[in-house]
Amino acid sequence: MKQVEFKKRRKHLMKRIGQGNIGLIGSASEQKRNRDVSYPFRQDSDFYYLTGFNEPEALAVFIPGRPQGEYILFCREFDEKKALWEGAHAGLMGATKDYQADDAFPIDDIDDILPGLLENKGKVFYPMGRDSDLDHSLMDWINHLRGQTRSGISAPMELVSLEHIVHEMRLIKSPAELKLMRKAAEISAQAHVKAMQLSRPGLFEYQVEAEIVHHFMINGLRAVAYPSIVAAGKNACTLHYTENADSLKAGDLLLIDAGAECDHYAADITRTFPVSGQFNEPQKQLYQLVLDAQYAAIAEIKPGNPWNIAHEASVSVLTKGLVKLGLLKGRTAKLIKDEAYKAFYMHRIGHWLGMDVHDVGDYKINDEWRILEPGMVLTIEPGLYIPSDCATVDEQWRGIGIRIEDDVLVTEDGHEILTSLVPKSVEAIEALMQAA
Ligand code: GLY
Ligand code: MN
Ligand code: MN
């Protein structure tokens, strides 16, 4: 992503913060895995969205109209020994030169400098309650200023949520963001195709996972957007199954929910297919039902439609189909009203997608479902999960779990499916697997 993109976002944010006020946001911290081993560092999405700065121990400050510069970055000073052991870091010079901060200060000096920046400001915009260290520090800095009011200094009077502004910005994707999302989607889709091609009885779920992650990595996408779910047979009925330890058996379905991250942007794809390449009759009937629900939901994705219509479309198709197949009994309208479908379809149709897999942005505004706008990206992922001990349904349906998930961009005149490379019709899946 080019620096100009981050600059544009900061400019927009400065306007929302307004002269006389100040905004603050901290970076993510390194997280310990065990003893002296850390998890791979992942920057906080809001912080990265505004700065493009990919280091821990940093804090960005926004002061609209500040004569010496509006954008200040506190970060680690350059340290030769650290560079030798751990690799490059920007230092103060890099912060101004490469990341276009107007001013940069050492993070270790923050307690000395920050109170001065808060002096005489009205509102402080910051992500409240997200980082308890920052919460405490901010209160200390404000109290420090309150102690000086007799010398004519005023302390900020109001705290305002910064992330709400940033999240509304993040909800509408720019062309530069969409480029990264398309890449994440394309490479993730290829990995799903590969998984279909190599699936066979006797493999273990983790071996399929390895092939998927291998495909992400050899294409330069080193992070998964979320832990991959590779769930054979009844494991697919556990929505967040990530053990991925069982073997694939002939006659079972395999549900794979996996997506890569490309420069902080996620893909999120699910496909469900027969381990040995051919659906049996009950599997085919349930699969076709989920697919019909997905088609019906995707058809509702266009500007002007409220977000919830896609969910309602999926509920309607699934409930009718479950009655037809005999898994639910009664009148469709009443079953929908009573939410009877929730026994087998217990999640909603999808979620916003972006830098976070379950991305930010309000789903309701003033208690009304949000209206879709061009540039929004969301997942459409209906599913059916029939518990293996479900005594109310015929035995043939038990232990089947199916989800079909695509990433969908709202366009000016409808939608575009970013993940359409992976087949999903019964015929296309069977053809691909039998040709492998
Ligand atoms: N992979 C998480 C989800 O589908 O929401
Ligand atoms: Mn999803
Ligand atoms: Mn998913």
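Residues numbered from 1 in each chain as written. Chains lettered and ligands numbered in written order. Predicted model: local features only at pLDDT ≥ 70, side-chain atom pairs only at ≥ 80, totals over all residues. Heavy atoms only, no water.

Caption draft 1: Examining the environment of L118 more closely. Structurally, L118 can be placed in helix α5 (residues 110–118). Here L118 falls in the buried class, since its relative accessible area comes to 0%. Other than its neighbours up to four places away in sequence, L118 contacts I22, V124, L138, W141, I142, L145, S154 and P156. (Helix = DSSP H or I, 4+ residues; strand = E, 2+ residues; numbered from the N terminus. Buried < 20%, exposed > 50% of the residue type's maximum accessible area, 1.4 Å probe, protein only. Contact = heavy atoms within 4.5 Å.)

Caption draft 2: Inspection of the site of ligand 1 at higher detail. In the vicinity of ligand 1, the contacting residues are Y226, D257, D268, H351, H358, E381 and E405. At a separation of 3.0 Å, an oxygen atom of ligand 1 approaches a polar side-chain atom of H351. Contact distances for ligand 1 include 3.2 Å between an oxygen atom and a side-chain N or O atom of E405. For ligand 1, whose unbound accessible area comes to 190 Å², protein coverage reaches 88%. Grouping the amino acids of the shell around ligand 1 by side-chain chemistry returns one nonpolar, two polar and four charged. (Near = heavy atom within 4 Å. Polar contact = N/O pair within 3.5 Å; in protein donor to acceptor, adjacent residues only side chain to side chain. Areas by Shrake-Rupley, 256 points an atom, 1.4 Å probe, with all protein chains shown as cover. Nonpolar A, V, L, I, M, F, W, Y, C, P; charged D, E, K, R; others polar.)

Caption draft 3: Expanded view of the coordination of the manganese ion (ligand 3). Within the protein, the manganese ion (ligand 3) binds to D257 (OD), D257 (OD), D268 (OD) and E405 (OE); these donor distances fall in the range 2.0 to 2.4 Å. Metal-centred angles of 56 to 170 degrees between the six donor atoms at the manganese ion (ligand 3) mark the site as irregular. Spacing between the donor residues of the manganese ion (ligand 3) along their common chain follows D-x10-D-x136-E. For the pair the manganese ion (ligand 3) and the manganese ion (ligand 2), the metal-to-metal distance amounts to 3.3 Å, and D268 bridges them. One end of the pair, D257, is in strand β11 (residues 253–258); the other, E405, is in the loop between β19 (401–403) and β20 (406–411), with 148 residues separating them in the sequence. Like D257, the residue E405 is buried in the burial classification. (Donors = N, O, S within 2.8 Å, 3.2 Å for Na, K, Ca; no water. Tetrahedral: all angles 85-135°; square planar, octahedral: opposite > 155°, others 65-115°.)

Caption draft 4: The sheet that holds strand β13 (residues 265–266), seen in detail. The strand order across the open sheet formed by three strands is β9-β12-β13, and the pairing between neighbours is antiparallel. With partners counted over all chains shown, the strands left at the sheet margins are β9 (223–224) and β13, one partner each. Where β9 lies against strand β12 (residues 260–262), two bridges are found, and the strand directions are antiparallel. The residue bridging V224 from the neighbouring strand is A260, located in β12. (Pairing = 2+ DSSP bridges.)

Caption draft 5: Spatial organisation of the coordination of the manganese ion (ligand 2). Those protein atoms acting as donors to the manganese ion (ligand 2) are D268 (OD), H351 (NE2), E381 (OE) and E405 (OE), and they sit at 2.0 to 2.2 Å. Classification of the site at the manganese ion (ligand 2) rests on its six donor atoms, whose angles at the metal span 52 to 154 degrees, yielding the label irregular. One chain supplies every donor for the manganese ion (ligand 2), spaced along it as D-x82-H-x29-E-x23-E.

Caption draft 6: Examining the sheet that holds strand β1 (residues 22–26) more closely. Taken together, six strands build an open sheet; the order of strands is β6-β5-β4-β1-β7-β8 and the sheet is mixed. A single partner strand is all that each edge strand has here, and the edge strands are β6 (103–106) and β8 (158–161). Sheet twist, expressed as the average angle between the axes of neighbouring strands with direction ignored, equals 20 degrees. Lying on the sheet, α5 is in contact with β1, β4 (59–62), β5 (71–75), β6 and β7 (123–126); it crosses β5 at an angle near 160 degrees. Together, β1, β4, β7 and β8 form the strand contacts of helix α6 (residues 132–146), whose direction differs from that of β7 by roughly 165 degrees. (Axes fitted to C-alpha atoms, helices over the stretch in contact; angles between N-to-C directions.)

Caption draft 7: Highlighting helix α7 (residues 162–171). Of all 10 residues making up α7, eight are buried, and the element is well covered by its neighbours. Regarding α7, the residues found buried are L162, E163, I165, V166, H167, M169, R170 and L171. Where the residues of α7 are buried, they touch α1 (3–17), β1, α2 (45–51), β7, β8 and β17 (377–380).

Caption draft 8: Layout of the packing of helix α8 (residues 175–198) against helix α13 (residues 426–435). Where α8 contacts α13, the axes come no closer than 7 Å and their chain directions differ by 65 degrees. Crossing geometry of α8 relative to α13 is assigned as right-handed. In this structure, α8 contributes V193, M196 and Q197 to the contact, and α13 contributes I429, L432 and M433. Here the residues of the contact of α8 with α13 are counted per class, giving five nonpolar, one polar and no charged. (Left-handed = near helix turned anticlockwise from the far one by under 90°.)

Caption draft 9: Representation of the packing of aromatic side chains in the model. Taken as a whole, this structure holds 10 aromatic pairs when the rule is applied. Centroid distance F204 to Y206: 5.3 Å. Interplanar angle 15 degrees. Geometry classified as stacked. Residue class for Y206 comes out partly exposed when judged on its relative accessible area of 42%. Considering the side-chain rings of W307 and W352, the 4.9 Å spacing of their centres and the 45 degrees angle between planes classify their relative orientation as tilted. Separated by 45 residues along the polypeptide, W307 in the loop between α10 (281–298) and α11 (308–325) and W352 in the loop between α12 (332–337) and β15 (364–365) bring together distant segments of the chain. Under the relative-accessibility criterion, W307 is labelled buried at 3%. In textbook terms, an aromatic cluster arises when at least three aromatic residues are bridged by ring pairs, as seen for W307, W352 and Y363. Here R9 stacks its cationic end above the ring of Y49, 3.9 Å away from the centre of that ring. (Phe/Tyr/Trp six-rings, centres within 6.5 Å; stacked < 30°, edge-to-face > 60°. Lys NZ or Arg CZ within 6 Å of the ring centre and 35° of its normal.)

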